[in-house]
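Report on the structure
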Amino acid sequence: MKIQSIILGETEASESEILTFDNGMPGFENEKNFILLPIEGNEVYQILQSINSKEVGFITANPYLFTDEYNFNLDESTVEALNIESEKDIIVLTIVTVKEPFNTSTVNLKAPIIINTKSRKAKQCILENADYPIRYSIETNLQKAKG
Amino acid sequence: MLVLSRKKGESIWLDDQTEITISEIKGDQVRIAIKAPKNITILRGELRKEISESNTEAVKIDNFIDFLKHEKK
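Small disclaimer: the values here were computed from a predicted structure and weren't measured.

Moving on: the overall build of chain B. Of the regular secondary structure elements, chain B holds two helices and three strands. Along chain B, helices and strands appear, N-terminal first, in the series β-β-β-α-α. On C-alpha atoms alone, chain B measures out to a radius of gyration of 21 Å, which is more than a quarter above the 11 Å that the 2.2 N^0.38 rule sets for 73 residues. Projecting the C-alpha coordinates of chain B onto the three principal axes gives extents of approximately 65 × 30 × 20 Å. When contacts within chain B are restricted to residue pairs at least 6 apart in sequence, long-range pairs at least 24 apart make up 0% of them.

Structural data, given as structure tokens:
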């Protein structure tokens, strides 16, 4: 299937790669289907692209590239909603808010994206009880992320 | 939207498993007790709003295109 992305233009993806967000995401409750698109020549960032709205695309990254201290328990509602059977099926991503210049960009550690690669279900989890910032500066860890 | 008036100690049920009780009223503050199954997500409205605002800001990714172009040079 063809996916329209504001960043990558038209790109090809397999329907089996679609991630289902049953309730969308806060602010984007009607966007239920996304796809994770790689960026050619860039290993750090991926685009979480809505398959229905080309203007809805998030830059995402592995949060552990920016912080070592990031631990949280998934609540039962998430485990149930995503049909999580094993921890090894899970991918955790953080949403990047891109700023100018790029090194002032931030990542949202308060509300990670949890993906169950087995069921292809995903959710943005809000970690109400954990003291992580919504806007965590990537500046200090940017060199590390560039690897 | 349904709007109901409740007094201290009175409650509201959502379906058969979730009960919301007004436990205390003090000035302009109300304490609410929620009894719900574990698979129900409960969030303060202002936190969800903040996440929503952060998401809305994050989809503005024009800058990222410039960043990528710059990286390729």
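Let us now look at the nonpolar core. In this structure, Val107(A), Ile113(A) and Ala122(A) are the most contacted members of the largest nonpolar core, which totals 36 residues. Mapped by element, the contributors of at least two residues to this core are strand S4 (33-39), strand S5 (42-50), strand S6 (57-61), strand S7 (90-97) and strand S8 (106-116) of chain A together with helix H1 (45-58) and helix H2 (62-72) of chain B. Among the elements that make up this core, the one with the highest residue count is S8(A) (six residues). Residues contacting Ile113(A), with those up to four places away along its chain left out, are Leu48(A), Thr60(A), Leu93(A), Ile95(A), Ala122(A) and Gln124(A).

This brings us to H1(B). Across its 14 residues, H1(B) extends 20 Å between first and last C-alpha, which sits within 8% of the 20 Å expected from 1.5 Å per residue. Of the residues making up H1(B), those classed as buried are Ile51(B), Asn55(B) and Ala58(B). Projected down its long axis, H1(B) carries its buried residues within an arc of 60°, all on one side. Facing away from the buried side of H1(B) by more than 90 degrees, the exposed set consists of Gly45(B) and Glu46(B). Elements in contact with the buried residues of H1(B): S6, S7 and S8 of chain A.

Turning to the interface of chain A and chain B, a few remarks are in order. Taken together, the contact between chain A and chain B spans 30 residues of the former and 24 residues of the latter. Counting only elements with at least two residues in the side of chain A that touches chain B, the list comes to S6, helix H1 (76-81), S7 and S8 of chain A. Taken together, the residues of the side of chain A that touches chain B sort by class into 15 nonpolar, seven polar and eight charged.

Parameters at a glance
- Within each chain, residue numbers correspond to sequence positions counted from 1 in written order.
- Following the order in which they are written, the chains are lettered starting with A and the ligands numbered starting with 1.
- Local features in this predicted model are restricted to residues of pLDDT 70 or higher, and side-chain atom pairs are both shown and tallied only at a pLDDT of 80 or more, whereas totals for entire chains, interfaces and linings draw on every residue.
- Numbering goes from the N terminus for both helices and strands, where a helix is a DSSP run of H or I of at least four residues and a strand is a run of E of at least two.
- Each radius of gyration is computed over the set of C-alpha atoms, and the globule rule expresses the reference value as 2.2 Å times the number of residues to the power 0.38.
- Here, residues touch in the contact sense if the C-beta positions derived from the backbone fall within 7 Å of one another.
- Put simply, a nonpolar core is a cluster of buried Ala, Val, Leu, Ile, Met, Phe, Trp, Tyr and Cys residues tied together by C-beta atoms within 7 Å.
- Any residue whose C-beta has 12 or fewer other C-beta atoms within 10 Å is treated as exposed, any with 20 or more as buried, and any in between as partly exposed, C-beta atoms being built from the backbone.
- Each residue after the first adds 1.5 Å to the expected span of a helix.
- The arc refers to the directions leading from the helix axis to the C-beta atoms.
- In this classification, the charged set is Asp, Glu, Lys and Arg, the nonpolar set is Ala, Val, Leu, Ile, Met, Phe, Trp, Tyr, Cys and Pro, and all remaining amino acids, among them Gly, are polar.

Keep in mind these numbers describe shape, not what the thing actually does.
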